[in-house]
Amino acid sequence: MDLCLLLGIGVLAVVGFLIKKYLNKSVIKADYPKDTVIVHQLGSGPYCPSISPFVIKLETYLRMNKIPYKNVYDRVMSSKGKTPWIQYNDDVIPDSHFIIGYLKNKFNIKINDKLTPEQKAVGASFTHLVEDHLYWGLLLWRAVYDKNKTIFRMVGLNSIILWIFERKARSVCHAQGQGRHTRTETIQLIEDDLRFISDFIGNKKYFLGDNPTETDCAIFGQLCQFVWQTPDSPMETSIREKYTNLIDYCERIKSRYWPDWDELITRGNNNNKK
Amino acid sequence: MDGKATIIVHQFGRGPFCPSFTPFGVKLETYLRMANIKYTNVNDCKVSKKGKMPWIEFNGQEVNDSSFIIEFLNEKYKQDFNSHLSSSDKAVARAFQKMAEENLYWCMVLHRCVYDKQDWVCKALGVNRFLAWLFSRHIKSRAEQQGIGRHSFEEMVHIEEGDLKAMSEFLDTKKFFFGDKPCETDCALFGQLSQFRWQLPGTKGEYFVNEKYTNLREYCDRMMEMFWPDWDKCCSGDNEEKKEKC
């Protein structure tokens, strides 16, 4: 009996793997428009166009640099098991960092050209702060510490999937390191990051001065999640009470690059979901 | 704080060319020396309740995670070596520290534990190849979960160079990262860079720090001279008697 069960699970795993491979291949071979960046991603968020900060980062970059693109909400992962990823004609590129590098070369983007080497260095360091530190706090809050799992429920995940996802998030965050801290410590680390980002932005219009740069895409991608998509969290309270310049900053980028923001969010109504 | 506290630092053990194999060990000890806080090292390889090293006992109380330890000691001894920085510079300091500890660190670990073809770690630690192979699989899995382990070796080196170039350009001709005086953040950055400077033999990481972005090499030497006059005594080198085995 046990052997039959094990064999059954093994067969299901192999079949699942083959279906996924077929789906991935069929997604890549689909008849997409030429000379248009095809962005493969999960789907709309309730209060931001995506619950993934990396999707917001990428789309903001595409909009900032007026690169034609089309979203495909197929929920198919890249070859690296992540999302978003892109196709551009015959090229397939995963990971937002490498996608932006590719687009910079392909479209000869010069948005960072006026920055000094020191400014570029500072921009790079803050990008890592938000993507390699603050991001893990966001994941821990949403998947583990938010008792209601508000955002994940609003995108339609049921209790069983949420239970599995919490286990997975705990494991991944433990491996990364931040998952070893307590809830109080995690919230403090998030708060510290937000405070430092707020102090650095100060009264500036954009992250590195009067003009937007590539760094703004990464910073906005992460910050918009905290400003609009961590409802009823201590971080949301801190931003509204203490770090209001983060709200002003996000509103500025949203008005400039996302005039259609409200059309792209579901507000929890999954009939609006893409 | 009256200075009579007993501080025991639990850590991995002396490295052959740095006082620790872990950048967080070098970070913590550099801070303790900067703060002139007396401490005793116990190289017992015992992990903290969070499963990490280094950690300290402060009058018998466990304090873990190098950043939390420094915050704790700053509070106890009423000191802050970043206090002279502007609020904007403190933010930049935070950003560079996180870049080094949450991203560059993983490149160092991958070089050492996954991509090392010279078995340098085996030889330095005196572990057998099977154990080293097991550990390599464990690290690869963790790096994949963190994210950087999903990239190819060339992509990882590209990311690593990006970080080191940023640090080099920010440091520029300054003596320390934020001016003529070292600050708390220098302990963290030196901790990470020291591994690239001295303990990643034959790797691209070593090449970047020692040959391409040479102001980082000079910075490391400066920090070593200032806080570690006994550096050579704190490294096990090839001396079997000095090597700390777990």
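Thresholds, definitions, all that
Residues numbered from 1 in each chain as written. Chains lettered and ligands numbered in written order. Predicted model: local features only at pLDDT ≥ 70, side-chain atom pairs only at ≥ 80, totals over all residues. Heavy atoms only, no water. pLDDT = per-residue confidence, 0-100. Contact = heavy atoms within 4.5 Å. Salt bridge = Lys/Arg side-chain N within 4 Å of Asp/Glu carboxyl O. Polar contact = N/O pair within 3.5 Å; in protein donor to acceptor, adjacent residues only side chain to side chain. Helix = DSSP H or I, 4+ residues; strand = E, 2+ residues; numbered from the N terminus. Nonpolar A, V, L, I, M, F, W, Y, C, P; charged D, E, K, R; others polar. Buried < 20%, exposed > 50% of the residue type's maximum accessible area, 1.4 Å probe, protein only. Pairing = 2+ DSSP bridges. Axes fitted to C-alpha atoms, helices over the stretch in contact; angles between N-to-C directions. Disulfide = S-S within 2.5 Å. Core = buried A, V, L, I, M, F, W, Y, C linked by side-chain atoms within 4.5 Å. Expected span 1.5 Å × (residues − 1).

Considering the confidence of the model for chain B
Residues and elements named next belong to chain B. Of all residues in chain B, 95% have pLDDT values of 70 or greater, and the mean over the chain is 92. For the stretch residues 240-246, pLDDT sits under 50, and the model shows 15 contacts to residues farther than four places along the chain or on other chains. Here the predicted complex carries an ipTM of 0.93, next to a pTM of 0.92.

Thoughts on the interface of chain B and chain A
How big an interface is tends to be reported as the loss of accessible area on association of its parts. At the junction of the two partners, chain B supplies 31 residues and chain A supplies 32 residues. Counting every contact that joins chain B to chain A gives three salt bridges. Note that Lys50 of chain B is salt-bridged to Glu185 of chain A, the shortest N-O span being 2.7 Å. Inspection of the chain B/chain A interface yields 14 residue pairs in polar contact (both at pLDDT 80 or more). If you list the elements that add at least two residues to the side of chain B that touches chain A, you get helix 3 (87-113), helix 5 (129-146) and helix 6 (153-171) of chain B. For the side of chain B that touches chain A, the element with the highest residue contribution is helix 3 of chain B, accounting for 13 residues. The residue inventory of the side of chain B that touches chain A, partitioned by class, reads ten nonpolar, nine polar and twelve charged.

Concerning the side chain of His111 of chain B
All names here are of chain B. In this structure, His111 sits in helix 3. When its relative accessible area of 3% is taken as the criterion, His111 is described as buried. Contacts of His111, omitting those with residues within four sequence positions, involve Asp116, Phe153, Met156, Val157, Glu160, Leu200, Thr203, Lys204 and Gly205.

Points about the environment of Ile86 of chain A
All names here are of chain A. Locating Ile86 in the fold gives a position in strand 3 (residues 85-88). For the pair formed by Ile86 and Arg267, sequence separation is 181 residues and the distance between their alpha carbons is 26 Å. Contacts of Ile86, omitting those with residues within four sequence positions, involve Val37, Ile38, Val39, Leu58, Asp91, Val92, Ile93, Ile99, Tyr102 and Leu103.

Points about the sheet that holds strand 2 (residues 40-42) of chain B
Residue and element names in this part refer to chain B. With respect to topology, four strands assemble into an open sheet ordered 2-1-3-4, the strand pairing being mixed. One side of each edge strand has no neighbouring strand; the edge strands of this open sheet are strand 2 and strand 4 (61-64). When strand polarity is set aside, the average angle formed by the axes of neighbouring strands in this sheet is 25 degrees. Bridge analysis of strand 1 (residues 7-10) against strand 2 gives three bridges, and the strand direction is parallel. Bridge pairing in strand 2 links His10 to Val42.

Observations concerning the state of the cysteines
Following the criterion strictly, the structure yields zero disulfides over all chains and no others. Here Cys173 of chain A stays free of any disulfide, with the sulfur of Cys224 of chain A as its closest cysteine sulfur at 19 Å. Free of any disulfide, Cys107 of chain B has its nearest neighbouring cysteine sulfur in Cys113 of chain B, separated by 13 Å. Residue Cys107 of chain B is classed as buried on the basis of its relative accessible area, which comes to 0%.

Focus: the pattern of salt bridges
Residue and element names in this part refer to chain A. What the rule picks out here adds up to 23 salt bridges over all chains. Taking the shortest distance from any N to any O, the salt bridge between Arg167 and Glu166 comes out at 4.0 Å. Connected via shared salt-bridge partners are Lys149, Glu166, Arg167 and Arg170.

With respect to the sheet that holds strand 1 (residues 37-40) of chain A
Residue and element names in this part refer to chain A. In spatial order, the strands read 2-1-3-4; together these four strands make up an open sheet with mixed pairing. Each edge of the open sheet carries a strand with a single partner, namely strand 2 (69-72) and strand 4 (91-94). Neighbouring strand axes in the sheet, compared pairwise and without regard to direction, differ in orientation by 20 degrees on average. Sheet topology note: the strand 1/strand 3 ladder contains four bridges and is antiparallel. Bridging across to strand 3, Val39 finds its partner in Ile86.

Regarding the nonpolar core
Phe126 of chain A together with Leu73 and Met167 of chain B are the most contacted members of the largest nonpolar core, which totals 145 residues. The element best represented in this core is helix 3 of chain B, accounting for 15 residues. Apart from residues no more than four positions distant in its own chain, Phe126 of chain A is found in contact with Ile197, Phe200, Phe207 and Ile219 of chain A together with Ala91, Val92 and Ala95 of chain B.

With respect to the side chain of Asn74 of chain B
Along the polypeptide, Asn74 of chain B turns up in helix 2 (residues 66-77). Within the structure, the side chain of Asn74 of chain B is placed 2.9 Å from the side chain of Glu184 of chain B, a separation counted as a polar contact.

Considering helix 10 (residues 244-257) of chain A
Residue and element names in this part refer to chain A. Helix length check: helix 10, at 14 residues, gives a terminal C-alpha distance of 20 Å against a target of 20 Å (1.5 Å per residue), a fit within 8%. The complete set of buried residues in helix 10 reads Asn245, Leu246, Ile247, Tyr249, Cys250, Ile253, Lys254 and Tyr257. Here the buried face of helix 10 lies against helix 2 (53-64), helix 7 (183-201), helix 8 (214-228) and helix 9 (234-241).

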